[in-house]
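The lines below spell out each chain.
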Amino acid sequence: MVTLAAAAPEAMIVGDSAVIAELRRLVACVAPSGASVLLAGPSGSGKEVVARAIHAASGRGDKPFVAVNCGAIPRDLLESELFGHEKGAFTGAHAQHKGRFEEADGGTLFLDEIGDMPADMQVKLLRVLEERAVQRVGGRGQIAVDVRIVAATHRDIDAAIDAGKFREDLFYRLAVFPIEIPSLAERRSDVPQLIRHFVKAMGKRAGDLQFSEAAFERLAEHGWPGNVRELRNFVERAAILFAGRTIGPAEAGSLLLRRGRVGAVERSALWEATERLHAAFATEEDDEDAGSVQTEAEIVPIRAEIDISANRGLNRGEPVALRDMLADIERRYIEEALTLSDGVIADAARLLSLQRTTLIEKMRKYEMKAA
Ligand SMILES: Nc1ncnc2c1ncn2[C@@H]1O[C@H](COP(=O)(O)OP(=O)(O)OP(=O)(O)O)[C@@H](O)[C@H]1O
Ligand SMILES: [Mg+2]
């Protein structure tokens, strides 16, 4: 996982294209103003990165940055999540609970997927923004809060307004300063720099992983439907399979898994690389025929084996949180399957050999959304 928290605000948004330079300029201008910002951009394009950069450059950087995914929280819990509740406010409210607004006091509240906010909550949010105070569910008094709002949406909010699903007055309140984040396809010249950034962030895990010029040319042809997130996952795959090597165009192509189907050439390249991987991670007691089975169905388990092999904490006698590790692997598979299937849940479920409903349940558990 790449951590960007410690970076200087302007260094957090990686890219040297003209559109990214302009984006950085807008962030630098708006950050200190305290104005509400509405970020619009496709999934994986960096909305949260930009929100964090605004926070870091706002003068509130040493106060909390609190993110809420408005689309992932069940509607009957959203009010208490945002505004808190008093003990006994509803069945199950065993103790007083501070909401996200109070948690973010002095800092920034990032309201992700704002377009998914139910209509009744839109009214309540508007009131809070106007009064700069919250009322906990079941509470009487108003609690003053000083919170900078950055909201984000991956969908066309204008269409939601036209369809009567999103309040126009709330839109104007949130979009004092709207910023559009371009898709990666609109700024392919950033691909090499982003790749180097992710390789560096991986540190030793990637070794001296490099890409030839021809590999970069091959990657420039790709459409990157999953945007920067897809690119980050691509670099992870590259680091896992080719750590310390220079990747050429064929290998780069083999790592670009497309919509659930891997071609024969890519498959053999992947398996060749997987055998190297097994050799690299092999220990004396490792099973002898590792890497010898080459069916398409078994391509997917590669990453789980890697994650487990790479975690040598147990060997050093350190405890590991198995449940968290498994959840992390599960989450990453789902994320990748969704990227590969362009967010089509039925396709992703097929890739993961899950029922559609099971996948939806798991996505809910991990607060994930299809593209
Ligand atoms: N310009 C950038 N520089 C460095 N890293 C980036 C950039 N844009 C995105 N990333 C990385 O790509 C991944 C996806 O970014 P992020 O979560 O901000 O996207 P998003 O637009 O919020 O996506 P979603 O709509 O799916 O929530 C993250 O790992 C993030 O660190
Ligand atoms: Mg996001």
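Worth saying up front: this structure is predicted, and the values here are computed from it rather than measured. (Residues numbered from 1 in each chain as written. Chains lettered and ligands numbered in written order. Predicted model: local features only at pLDDT ≥ 70, side-chain atom pairs only at ≥ 80, totals over all residues.)

1. Concerning the overall build of the protein
Moving on, step 1. Of the regular secondary structure elements, the protein holds 17 helices and 11 strands.
Moving on, step 2. Within the span of the protein, comprising 371 residues, buried residues form 35% of the whole.
Moving on, step 3. Taking contacts inside the protein between residues at least 6 apart in sequence as the whole, the part at least 24 apart equals 74%. (Helix = DSSP H or I, 4+ residues; strand = E, 2+ residues; numbered from the N terminus. Buried ≥ 20, exposed ≤ 12 C-beta atoms within 10 Å, placed from the backbone. Contact = placed C-beta atoms within 7 Å.)

2. Thoughts on the sheet that holds strand S2 (residues 65–69)
The pairing of strands in a sheet happens through backbone hydrogen bonds and is either parallel or antiparallel.
Moving on, step 1. The sheet built from five strands is open, its strands ordered S2-S5-S8-S1-S9 with parallel pairing. Every interior strand has two partners, whereas the edge strands, S2 and strand S9 (177–180), have only one. Recorded for the sheet is a direction-independent mean angle of 20° between the axes of neighbouring strands.
Moving on, step 2. Relative to strand S5 (residues 108–112), S2 is paired through five bridges, and the arrangement is parallel. When the sheet's bridge partners are listed, Phe-65 is paired in S5 with Thr-108. (Pairing = 2+ DSSP bridges. Axes fitted to C-alpha atoms, helices over the stretch in contact; angles between N-to-C directions.)

3. Some thoughts on the site of ligand 1
Moving on, step 1. In the vicinity of ligand 1 there are 18 residues, among which Val-14, Gly-46, Lys-47, Glu-48 and Val-228 approach most closely.
Moving on, step 2. If you list the elements that add at least two residues to the shell around ligand 1, you get helix H3 (47–56) and helix H11 (227–242).
Moving on, step 3. Here the residues of the shell around ligand 1 sort into six nonpolar, eight polar and four charged.
Moving on, step 4. Each of two domains, domain 1 (9–182) and domain 2 (189–365), supplies a minimum of three residues to the shell around ligand 1. (Near = placed C-beta within 6 Å. Nonpolar A, V, L, I, M, F, W, Y, C, P; charged D, E, K, R; others polar. Domains from an automatic or database assignment.)

4. Side note on the environment of Ala-346
Moving on, step 1. For Ala-346, the location among the structural elements is in helix H16 (residues 345–351).
Moving on, step 2. Here the alpha-carbon distance between Ala-346 and Thr-357, two residues 11 residues apart in the chain, equals 9.2 Å.

5. Digging into the packing of helix H2 (residues 18–30) against H3
Moving on, step 1. Between H2 and H3, the shortest axis-to-axis distance is 8 Å and the interhelical angle comes to 40°. Overall, the two elements H2 and H3 adopt an arrangement that is oblique. For the crossing formed where H2 meets H3, the hand is right-handed. Judged by residue contacts, Leu-23, Val-27 and Val-30 of H2 engage Val-50, Ala-53 and Ile-54 from H3.
Moving on, step 2. Of the residues that constitute the contact of H2 with H3, the class distribution is six nonpolar, no polar and no charged. (Parallel < 35°, antiparallel > 145°, perpendicular 65-115°, else oblique. Left-handed = near helix turned anticlockwise from the far one by under 90°.)

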